[in-house]
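So the chains spell out like this:
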Amino acid sequence: MIATLQCTVIDCPDPAALAAFYGEILGWRVDGSDPEWATLTAEDGRKLAFQLAPDHQPPRWPDPAHPQQIHLDFDVETRADAERAQRELIELGATFLHDSGGERSGFRVFNDPAGHPFCICYGQTEPS
């Protein structure tokens, strides 16, 4: 091993706002005190960071001329959980893009408020 992963960093036009959006999804602590950098931290220390990119050009999934660059997958247990998550995500500012249509397992694709695609996956992990 050469190194360990410190965090994943996502470029965006408003780091504090995008950190708050993902903080609501994950329930992680938000540090948005720096206008050019915001960090989410889980109780176990995992981190997700957001960096100011004033000229950020969001991807246009699924347009290959504007590829997604990076995307995050989030798990919920059932399709009903994905439907609930969809309502909550839209209230937070996400845009719904696609439903894979699976009854027992599948995914739903959204754009975050800065235009990055992300997925809510369901039926793909063992129930807790």
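Residues numbered from 1 in each chain as written. Predicted model: local features only at pLDDT ≥ 70, side-chain atom pairs only at ≥ 80, totals over all residues. Heavy atoms only, no water.

Q: What exactly am I supposed to notice about helix α1 (residues 15-26) here?
A: Its twelve residues give α1 an end-to-end C-alpha distance of 16 Å, which sits within 8% of 16 Å, the value for a rise of 1.5 Å per residue. When we look at burial in α1, the residues that qualify are P15, L18, A19, F21, Y22 and G23. Positive backbone phi, at 75°, marks G27, one or two positions downstream of α1. (Helix = DSSP H or I, 4+ residues; strand = E, 2+ residues; numbered from the N terminus. Expected span 1.5 Å × (residues − 1). Buried < 20%, exposed > 50% of the residue type's maximum accessible area, 1.4 Å probe, protein only.)

Q: Looking at this structure, I do not really get the UniProt feature "domain: VOC" (unreviewed entry) in the chain. What am I missing?
A: According to UniProt, the feature "domain: VOC" (unreviewed entry) maps to residues 4-123 in the numbering used here. Secondary structure over residues 4-123 splits into 22% helix and 37% strand, and the C-alpha atoms at its two ends are 30 Å apart. (UniProt positions renumbered as here; feature names shortened; annotations may be inferred.)

Q: How should I be thinking about the sheet that holds strand β6 (residues 95-99) in this particular structure?
A: The strands making up a sheet associate through backbone hydrogen bonding, with each pair oriented either parallel or antiparallel. With mixed pairing, the four strands of this open sheet are ordered in space as β5-β8-β7-β6. Either end of the sheet is taken by a strand with one partner, and the two such strands are β5 (72-76) and β6. In this sheet, neighbouring strand axes are inclined to one another by 25° on average, regardless of whether the strands run parallel or antiparallel. Pairing of β5 with strand β8 (residues 117-122), which is carried by five bridges, proceeds in the parallel orientation. From the neighbouring strand, D73 faces β8, where its bridge partner is C119. Across the sheet, α1 is in contact with β5 and β8; its angle to β5 comes to roughly 25°. (Pairing = 2+ DSSP bridges. Axes fitted to C-alpha atoms, helices over the stretch in contact; angles between N-to-C directions. Contact = heavy atoms within 4.5 Å.)

Q: How do you make sense of the packing of aromatic side chains when you look at a structure like this?
A: For the coordinates displayed, the defined rule picks out eight aromatic pairs. Taken together, a centroid distance of 5.8 Å and an interplanar angle of 70° make the contact between F21 and F118 edge-to-face. One end of the pair, F21, is in helix α1; the other, F118, is in strand β8, with 97 residues separating them in the sequence. According to the relative accessible area criterion, F21 is buried, its value standing at 3%. A residue is classified by how much of its surface remains accessible, and F118, at 0% relative accessible area, is buried. Considering the side-chain rings of F96 and F110, the 5.7 Å spacing of their centres and the 70° angle between planes classify their relative orientation as edge-to-face. (Phe/Tyr/Trp six-rings, centres within 6.5 Å; stacked < 30°, edge-to-face > 60°.)

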